[in-house]
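Okay, here's what each chain looks like letter by letter:
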Amino acid sequence: MTITAKSQLPNVFSQNLESITSKTDGSLPTLGAELVYMQDGAGRYLTFCWQHSELLGLNTEKIVDELNQTQTFVPVDKVTYLERLHRILTSLVPERFQCWFSYHQELFELDLVISPIMPSLGTTATTVLVMGRLVQATLNKKQVRVASKMPTQIELALRSQQHQKLVNRITRNIRRTLDLDIIWQQTVDSLGKALRLERCIICRPYQPCSSKVKVMAEYHQPELTSMLGSEEIDIASEPAFAQVLATLEPVVMEVPGYADSRRHKTLVVATCYQDQANGLVALTWQDECYRLTESELELAKEAADQLGTAIAHATLYKELEAARQKAEEASRLKSEFLANVSHEIRTPLNGMIGFLKLILEGMADDTEEQNQFLAEAHHLSIHLLNIINDILDIAKIEAGKMELVYAPVKLDELFSDVEGFMRPQAEIRNLSFRMQMPATSDEIIVQSNYQRLLQVMLNLVGNAIKFTHEGGVTVSADLVLKKAKPNFQGQEFPGMVRVRVADTGIGVSLDKQDKLFQLFSQVDGSRTRQYGGTGLGLAISQKLVEAMGGEVHFYSLGEGLGSTVTFTVPLYQQPVMVSCTDSDSTDSAEC
């Protein structure tokens, strides 16, 4: 049955409309269509007659009023439908297309022909006549009739035009900023809203060394749970992701698990730059309402390429900005380092000049005082030489010209020399000083360079004494024996010797320990001025130990809690231990 809304229609069509709506059997033989309805420019139904209207379960006597009041039987893509309606009313050219309508949880695909009702001269068209038929429907979560229909040529052209505009809009937006977070969010929002997607996500740039990706931006329908902030997605558990990253070609996959049991699909496409994937985009939509064509897949790939280029440029800009800040920080640190070094050089040099001047001017009272002045000048000259040697060492290390000659070194001789140099300094400061060697029946010999190894130990022990006000310094060594023998310069060694320098000094806060081994960087400039030094000791020691096949590590629980520095060197030959723990079951043997 056909119900006509109470509205004024153009006079030129009034007689035909009256003859149509006078039919009460619902068959409308004069039109010959199973579905006939009229609408105004806003999409409001004026008449409605459908042979399958019982599928809607509405009161046929008041079907028009119910449809307009409840707004339940409407196009899935209402915006596109109304745009088409306005175009037909403006151009007065009929169009044929297929369109999905929804009614509660049910879907109907209709093949429609929309014709404008020609207005009288001097007036504009305000209503359309729609005739069509049912192609397929989903009722009570079951598909009643399936007829696989590809979009018409007109639909393809319109969709292609709309998608090209979307790509252009996304491209314009992402070119306006180099902020990755903004680029990602603007892209998913544009895609999600324009294509009426269920969900659209962008995963962070893919790293070859990682098997997981993280969702960086997301658009989703309100009823869906957000994936932002969730755990990273394992590529191994998502075959489509792995395939896209391997082939760089878009992949469409079925998506299970939706509560409404409708078919959903996801398009996964890689964002690329210079044929390298740097991100993933996944778009999920309701399959019954939309079918992708090959040209649309190509368009998706084009959009992903544009996004990939934007990601690459933004990443490059971010890296350049970080490099610029790092360079500025390095320049600042070098300036601070030069200021400290100039002070460290001037101090002993001024002392030497002062003592020598006193001697030259005959200011010494006697020979003993003169010899004392000479001894002080000599001591200051040695200190100055050490500073210059440190600077030259750093220059050689930075230029890659540090050449070391390796030979067996007896550990007890090395410890004896260190004790001879450092114990007097510790005693002057009233600090305890202990040297501990592993208990062995024969000598411990390491493969190293004696002078450089002595330099490292003097640096570390000297720092420990300088930064300790009370308590003491302990230097110890132990053997690290491993089943997998260490290899250095193509030669295997039975293990490593680990040397510890522990003190009860001022310590270092946890947040500043990463600066300890940086060149030209002092943990605290005020401490440098207070305690003296160039800040090169630990950096040089680390470089030398690494050149000798070992590692350096620093430990401190915080300020005022002391410090421990350890370093390792290859063990030349395994000594016979007097007593030790089970070296077969542990990585180290301490005696």
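Quick caveat: nothing in here was measured; it's all calculated off a predicted structure.

Digging into the packing of aromatic side chains
Reasoning step 1: This model, assessed by the stated rule, comprises twelve aromatic pairs.
Reasoning step 2: Plain terms: the ring middles of Y406 and F488 are 5.3 Å apart, the flat faces sit at 90° to each other, and that makes the pair edge-to-face. Here Y406 is found in the loop between α8 (367–399) and β16 (407–410), whereas its partner F488 is found in strand β20 (residues 487–488), with 82 residues between them in sequence.
Reasoning step 3: Accessibility expressed as a relative area gives 14% for F488, which makes it buried.
Reasoning step 4: Counting every residue linked through ring pairs, the aromatic cluster contains Y37, Y45, F48, W50, F73, Y81, F97, F101 and F108.

Quick look at the pairing of strand β24 (residues 563–573)
Reasoning step 1: Counting buried residues along β24, eight of its eleven residues qualify, which places the element largely inside the surrounding structure.
Reasoning step 2: As paired elements, strand β18 (residues 445–448) and β24 share two bridges and run antiparallel to each other. Looking across to β24, one finds that V446 is bridged to L571.
Reasoning step 3: Here nine bridges tie strand β22 (residues 495–503) to β24, and the two strands are oriented antiparallel to one another. Paired with D503 across the strands is S563, a residue of β24.

Description of the sheet that holds strand β11 (residues 215–220)
Reasoning step 1: With antiparallel pairing, five strands are arranged side by side in an open sheet as β11-β9-β15-β14-β13. Sheet topology places β11 and β13 (251–255) at the edges, where each strand pairs with a single neighbour. Pairs of neighbouring strands in the sheet enclose a mean axial angle of 20°, with direction left out of account.
Reasoning step 2: Two elements, strand β9 (residues 199–203) and strand β15 (residues 276–286), share five bridges in a ladder whose sense is antiparallel. Each residue of the ladder has a partner; that of C200, found in β15, is L283.
Reasoning step 3: Packed on one face of the sheet, helix α5 (residues 180–195) meets β9, β11 and β15 and runs near 25° to β11.
Reasoning step 4: Strands in contact with helix α6 (residues 239–247) are β9, β13, β14 (264–273) and β15; relative to β14, the strand with the most contacts, it is inclined by about 30°.

A few points about the packing of helix α10 (residues 450–466) against helix α12 (residues 537–547)
Reasoning step 1: At a closest axis distance of 9 Å, the pairing of α10 and α12 adopts a crossing angle of 145°. The handedness of the crossing between α10 and α12 comes out as left-handed. Seen from α10, the contacting residues are R452, Q455, V456, N459, L460 and N463; seen from α12, they are G537, L538, I540, S541, L544 and V545.
Reasoning step 2: Residue composition of the contact of α10 with α12, grouped by class: six nonpolar, five polar and one charged.

Side note on α8
Reasoning step 1: The first and last C-alpha atoms of α8 sit 47 Å apart over 33 residues, in line with the 48 Å expected at 1.5 Å per residue.
Reasoning step 2: All of the buried residues in α8 are F373, A377, L380, L384, I387, D390, D393, I394 and I397.
Reasoning step 3: The N-cap of α8, judged by a side-chain oxygen 3.2 Å from the amide nitrogen of E368 a few residues on, is D366.

Let's talk about the nonpolar core
A general feature of soluble globular proteins is that nonpolar side chains tend to end up buried together.
Reasoning step 1: Residues V475, V497 and F567 are the most contacted members of the largest nonpolar core, which totals 48 residues.
Reasoning step 2: Of all the secondary-structure elements, those providing two or more residues to this core are α9 (411–428), α10, β19 (472–481), β22, α12, β23 (552–555) and β24.
Reasoning step 3: Discounting chain neighbours no more than four positions away, the residues touching V475 are F415, F433, R434, M435, Q436, M457, V461, V499, R500 and V501.

Regarding the pattern of salt bridges
Reasoning step 1: This model, assessed by the stated rule, comprises 14 salt bridges.
Reasoning step 2: Where D111 meets R133, a salt bridge forms, and the shortest distance between an N and an O atom there is 3.6 Å. Here the residue D111 occupies a position in strand β6 (residues 106–116), and R133 occupies one in strand β7 (residues 127–139), the gap between them amounting to 22 residues.
Reasoning step 3: By relative accessible area, D111 is classed as buried at 7%.
Reasoning step 4: R423 is paired through a salt bridge with E419; the nearest N and O atoms lie 2.5 Å apart. Residue R423 and its partner E419 are located together in helix α9, separated by four residues, close to a single helical turn.

Here's the deal with the environment of I114
Reasoning step 1: With respect to the secondary-structure elements, I114 resides in strand β6.
Reasoning step 2: For I114, a relative accessible area of 0% corresponds to the buried category.
Reasoning step 3: Those residues in contact with I114 that sit more than four places away from it in its chain are Y81, L85, I88, P94, E95, F97, V128, L129 and V130.

What counts and what doesn't
Residues numbered from 1 in each chain as written. Predicted model: local features only at pLDDT ≥ 70, side-chain atom pairs only at ≥ 80, totals over all residues. Heavy atoms only, no water. Phe/Tyr/Trp six-rings, centres within 6.5 Å; stacked < 30°, edge-to-face > 60°. Helix = DSSP H or I, 4+ residues; strand = E, 2+ residues; numbered from the N terminus. Buried < 20%, exposed > 50% of the residue type's maximum accessible area, 1.4 Å probe, protein only. Pairing = 2+ DSSP bridges. Axes fitted to C-alpha atoms, helices over the stretch in contact; angles between N-to-C directions. Contact = heavy atoms within 4.5 Å. Left-handed = near helix turned anticlockwise from the far one by under 90°. Nonpolar A, V, L, I, M, F, W, Y, C, P; charged D, E, K, R; others polar. Expected span 1.5 Å × (residues − 1). Polar contact = N/O pair within 3.5 Å; in protein donor to acceptor, adjacent residues only side chain to side chain. Core = buried A, V, L, I, M, F, W, Y, C linked by side-chain atoms within 4.5 Å. Salt bridge = Lys/Arg side-chain N within 4 Å of Asp/Glu carboxyl O.

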